[in-house]
Amino acid sequence: MAVSSTIYPAYFVSAAAGDRRTSDSGAHPRPEKLGSSSFLLGGAPRFSGLSSATILRFPPNFVRQLSTKARRNCSNIGVAQIVAASWSNSSQSFEAPRSAVSADAVVAPEVAAEDANLGAGGGSESRFVESPVGEAKVSAAVAKAAASLSSDGSLAVHAGERFGRGITTDAITTPVVNTSAYWFNNSDELIDFKEKRHASFEYGRYGNPTTQALEEKMSALERAESTLFVSSGMYASVAMLSSLVPAGGHIVITTDCYRKTRIFIENELPKMGISVTVIDPADIESLKISLDQNNVSLFFSESPTNPFLRCVDIELVSQLCHNKGVLVCIDGTFASPVNQKALTLGADLVLHSATKFIGGHNDVLGGCISGSEELISKISLHHHVIGGVLNPNAAYMILRGMKTLHLRVQNQNSTALRMAQFLEEHPKIIRVYYPGLPSHPEHHIAKRQMTGFGGVVSFEVAGDLNTTKKFVDSLKIPYIAPSFGGCESIVDQPAIMSYWDLSGSERVAKYGIKDNLVRFSFGVEGFEDLKADILQALEKI
C-alpha cells in the first residue's frame, strides 16, 4: 500500500549490536527485569536494530505524516493504528506488561512505568507507591499522574491509556496489536526471559498490549491489583472455578444465577469430586451452617442476580467466609463497576461478562476477573494452558465501549428506576423485581453497597405464557434477544428464552421461573419513548 508520495531521507546512527527499536506491531521495546517482580526503570532500554551496526532514524515529522496518510488510505482501523506507532529516538522508560508471562514464567511484574509521551521530567525512578485507585503498586510517576482521576468517568476514559500503556504511539486511541507471537533478538534474550530477567508476552495466548491496556482500565475501575480478560463471561467463571477450587472441594452458590453457570457447577464440577451447597442469596444462617459443616473453598454468587436481581450482603458474607478461610467471588455483571465495587466491600474476586454493560454495544464477547495479583496469577496459570483468549480486536472494542460506560450506566440506572416505579403501579403488572424499589427484599442492602441499581428490570405480567408472549411481541423498540446491558433495549421471556427445555412445573420448582416473567434490559433510548411502547403493548393484552 502506498502510504505517501513524499520521499523521506533516512538518517543513520550508530547502534550497539543487539539493540532494538519499536517493532512494527507498535509494541514497546521491552525493559529488562530484575528478579521476579521489578523492572529496571532508570536506564535506557535495549533495542535491536535493522543490522548489527545501524538503525534508521526518520525526521521528527515522520510519525504524524505517516499517521495521517495511513489513516487516509487504510480501511482497516487496526492497520491504520499500528502504522501510526511512534518510532522514538529518545531514551525513555516504558510500562512493563503486567501480564507479560509465559507458561514457564508466570510471575506478573508489578510495575506501570512512566509514559514518556507525558513529557514530564527526566528518567523514571525505580520506587513504588500505592495506587490512589486501588491496591496495585505503580511507579511514582504514574501514581502522580493518576491522582487527578477522582471519578469513575475519568478512569473509564483514561485509565490504562492516558497515563502509560505498553505501546509507543501518538494516537489517542490504543492500537490493535494483531500478532500471534513476540520475537526475541537472540537466544541470550530468550534465556533472560525464561529466567525472568527480561519481559515479554512471548506468545499470543499469554498476553497482548491492547488487552493489557484494557486490563489496566478495569483494574482501576474495580480498585484491583490485577485483572485478567478472557473470551467470555462464562469462560471467566469456568476458569475461576477450575483454578481455585481443588478436587474434592466444596463451594457455596446462590439459587438465582445464570443458568449455564448453574449447569456447569452441577454437571461438571462433580466430575472433579467438587460438591456444592445452594442457598438463598439472603440466607445468612444457611451460609453459616454450610461453612461450619463443610470444608468450603469458595463462595460464588451474582449480585444482583439473574433474573430476579437479588442482592448478596457482600460485606457480611465476606467477613463470615474469611473467618473460615474461604474465598469470595462476586459476579457483578448486572451492576457494572460503576454501580458496585465488590472488592472494596471485602470480596476477593469480582467477575464480569464484559459482553454486557462493560462493552455496552451488543457487538463483542468478553469476560474478566479482577482481584489480587496472587489470585489472578493462579487463574492465569490455568488460562494459559486451556486457552479462552480474548482477541485483540475484541479488546479494542471493549476499550472503546468502556469510555462511555459511566454515561450509559447512569442513563440506564435512571430509566430503569423510573420504569420500575411506573410498572409497579400498573394494574396489568403483578410484581416488579428491581433492587431500587423499597418492595425489593434486599433494597436495604442494595442502598448500602450500590450507587445505582442497574439497567435491568424483571416483572410478571398479569396473564399466562401466551398473554406474556403477546405483550413481548407487541413491543416495537426492544429486540427479543438473550443479552442485556447494551445501548439497544432488549427484552426476553425467560420461560422461553432460557428454560424452554424444562416443563413449566420444573421451571418454577427449581428456578422460580414463571411463564409470565419478563426481563427487560433498558438501553439508552428516551424514557418517554420506551414508556409509550410498553403502554401500547400492555394495552394489547
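The protein chain has the name plant cystathionine gamma-synthase in an unreviewed UniProt entry, where Musa acuminata subsp. malaccensis is given as its organism. The Cofactor (unreviewed entry) field of the UniProt record for the protein chain holds the comment "pyridoxal 5'-phosphate". The record in UniProt for the protein chain states the following under Pathway (unreviewed entry): "Amino-acid biosynthesis; L-methionine biosynthesis via de novo pathway; L-cystathionine from O-succinyl-L-homoserine: step 1/1."

Our next topic: the environment of Thr261. Structurally, Thr261 is set in helix H8 (residues 259–267). On the basis of relative accessible area, Thr261 is assigned to the buried category, the value being 7%. The spatial distance from the C-alpha of Thr261 to the C-alpha of Val238 is 8.1 Å, given a sequence separation of 23 residues.

What follows covers the pairing of strand E10 (residues 296–302). Along any regular strand, the residues point their side chains to alternate faces of the sheet. The buried fraction of E10 amounts to seven of the seven residues, a majority that puts the element mostly inside the structure. Strand direction decides the pairing type here: strand E8 (residues 250–254) and E10, joined by four bridges, are parallel. Its bridge partner lying in E10, Ile253 is registered against Phe300. Where E10 meets strand E11 (residues 327–331), five bridges bridge the pair, whose relative direction is parallel. Each bridged residue has a counterpart across the sheet, and for Leu298 the counterpart in E11 is Leu327. Handedness of the E10-helix H10 (residues 314–323)-E11 crossover: right-handed.

Now for the side chain of Thr415. With respect to the helices, strands and loops of the structure, Thr415 is situated in helix H14 (residues 405–424). Owing to a relative accessible area of 5%, Thr415 belongs among the buried residues under this scheme. Aside from chain neighbours lying at most four places away, what touches Thr415 is Phe522, Phe527 and Leu530.

What counts as what
- Residues numbered from 1 in each chain as written.
- Predicted model: local features only at pLDDT ≥ 70, side-chain atom pairs only at ≥ 80, totals over all residues.
- Heavy atoms only, no water.
- UniProt positions renumbered as here; feature names shortened; annotations may be inferred.
- Helix = DSSP H or I, 4+ residues; strand = E, 2+ residues; numbered from the N terminus.
- Buried < 20%, exposed > 50% of the residue type's maximum accessible area, 1.4 Å probe, protein only.
- Pairing = 2+ DSSP bridges.
- Right-handed = clockwise from strand over helix to strand, strands pointing away.
- Contact = heavy atoms within 4.5 Å.

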